[in-house]
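# Close look at the chain arrangement
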Amino acid sequence: WISNCVGLYNHKYFILFLFYVVCAILYAAVVVVLRFLQLIKHFSPAMLNFGQIITFAIFACLILPIGLAVGALFFWQLSLLVNNMTTIENEERERSIYIKRKSKKTTAERQLESAEDKKEHDDNKNYYDLGTSIENLRAIMGRDQWFWLLPTKPNLSEDGLNWRKAQV
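Rules used in this analysis
Residues numbered from 1 in each chain as written. Predicted model: local features only at pLDDT ≥ 70, side-chain atom pairs only at ≥ 80, totals over all residues. Heavy atoms only, no water. Helix = DSSP H or I, 4+ residues; strand = E, 2+ residues; numbered from the N terminus. Buried < 20%, exposed > 50% of the residue type's maximum accessible area, 1.4 Å probe, protein only. Contact = heavy atoms within 4.5 Å. Areas by Shrake-Rupley, 256 points an atom, 1.4 Å probe, with all protein chains shown as cover. Phe/Tyr/Trp six-rings, centres within 6.5 Å; stacked < 30°, edge-to-face > 60°. Expected span 1.5 Å × (residues − 1). Bend = angle between axes of the 7 residues up to and from the residue. Core = buried A, V, L, I, M, F, W, Y, C linked by side-chain atoms within 4.5 Å. pLDDT = per-residue confidence, 0-100. Patch = residues over 30% accessible without salt bridge, like charges linked within 9 Å, V, L, I, M, F, W, Y side chains within 5 Å. Salt bridge = Lys/Arg side-chain N within 4 Å of Asp/Glu carboxyl O. Lys, Arg positive; Asp, Glu negative; His and termini not counted. Polar contact = N/O pair within 3.5 Å; in protein donor to acceptor, adjacent residues only side chain to side chain.

Before going further, it helps to examine the overall build of the chain. Each helix and strand counted, the chain has six helices and zero strands in total. Starting at the N terminus and walking to the C terminus, you meet the elements of the chain as α-α-α-α-α-α. Burial analysis of the chain (168 residues in total) assigns 26% to the buried set. Within the chain, contacts between residues separated by at least 24 positions form 65% of all contacts whose residues are at least 6 apart in sequence. Element-wise, carbon and sulfur atoms account for 66% of the exposed surface of the chain, whose accessible area totals about 12000 Å².

Structure representation (C-alpha cells):
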C-alpha cells in the first residue's frame, strides 16, 4: 500500500515508525486498562462521568483495532526484514509458488508434489538473505546495533545499487 516509498535509505525509519506506534499504543492500552480497573475496584456512581465513558468507548472502538492492524504490519515487516526481503519480493515469490501449484493438473504431478515443493522452494530462494537474522538486520538497520532503535542515519554497507547476495 506504500508502493515504492520505502527504499534502502528510509527503510529503517519506516520500521522504527511502526515500532514506536506499537509501543505508544501498548502504553495507552496499559494506562486505559489500569484506569478502568481502578474505576471498577472503587466503583461509585459519583466517580463515573460521561468523559470517562467516551474515553473507554473510543479506546475500544478505535485504538484496539488500529493497534492490532499496525502491530500486524510491524511484525510482518519485521519478518521480511530478518529475511532481507522487500514486500514486492515477497509478493513475487508468493505469486510464483501459487502459479506453480495451480498448474499441477495430473495425478502423477500430485504424487510428485513433495519433490516439486522442494524444488519450488529452491527455485524461489531469496538470494539476498545473508544467512542469519542479525546479518539481515544489519543490512537495513546499520552495522552498529546500539543505534538500531534510534532514528539515526544507518551505517550501511550497501550503496543502493550493488547488493550483497547469499553465498550459493
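So that's the structure; there's more coming.
All right, on to the packing of aromatic side chains then. One pass over the full model with this rule turns up three aromatic pairs. Note on F19 and Y20: the rings are 5.9 Å apart at their centroids and 55° apart in plane angle, and the pair reads as tilted. Consider the rings of F19 and F74, whose centres lie 5.9 Å apart with planes at 45°: the pair is tilted. Of this pair, F19 sits in helix α1 (residues 11-41) while F74 sits in helix α2 (residues 50-82), and the two are 55 residues apart along the sequence.

Looking now at unusual backbone geometry. Most peptide bonds take the trans configuration, and most residues that are not glycine carry a negative phi. The backbone of N84 sits at a positive phi, close to 55°, despite the residue not being glycine. Judged by relative accessible area, N84 falls into the buried class, the value being 15%.

Turning to α2, a few remarks are in order. Think of an α-helix as 3.6 residues a turn; residues three or four steps apart then line up on the same face. Given a rise of 1.5 Å per residue, 33 residues ought to cover 48 Å, and the 46 Å separating the end C-alpha atoms of α2 matches this to within 8%. A bend of about 35° at F59 is the largest found in α2. Every buried residue of α2 is listed here: Q52, F56, F59, G67, V70, G71, L73, F74, Q77, L80 and L81. The inward-facing, buried residues of α2 contact α1, α3 (87-102) and α6 (133-141). Downstream of α2 by one or two residues, N84 has phi in the positive range, about 55°.

Once that is clear, we can look at the nonpolar core. Counting residues in hydrophobic clusters, the biggest one holds 15 residues, and the most contacted among them are I15, L18, F74, L81, L137, I140 and M141. Taken together, the elements giving at least two residues each to this core come down to α1, α2 and α6. With residues up to four places along the chain from it excluded, the contact list for I15 reads F74, Q77, L81 and M141. With five residues, the next largest nonpolar core counts A29, L39, F56 and F59 among its residues.

A word on the confidence of the model for the chain. On average, the chain scores 76 in pLDDT, and the residues at 70 or more come to 73%. Of all helices and strands in the chain, the one with the weakest mean pLDDT is helix α5 (residues 113-123) (52), whereas α1 scores best (87).

By the secondary structure assignment, E89 is in helix α3. Owing to a relative accessible area of 28%, E89 belongs among the partly exposed residues under this scheme. In the structure, E89 is positioned 37 residues away from N126 in sequence and 8.5 Å away in space, judged by C-alpha atoms.

This paragraph deals with a nonpolar patch on the surface. Judged by side-chain polarity, V30, V33, L34, F36, L37 and I40 come together as a nonpolar surface patch covering roughly 540 Å² of accessible area. With respect to the element layout, V33 can be found in helix α1.

Let us look at the side chain of K12. Position of K12 relative to the elements: it lies in helix α1. Buried charged residue K12 carries no salt bridge. Nearest counter-charge: D144, at 9.1 Å. Among the polar contacts listed, one links the side chain of K12 to the backbone oxygen of F147, at a separation of 2.9 Å. Aside from chain neighbours lying at most four places away, what touches K12 is I140, M141, F147, W148, L150, T152 and P154.

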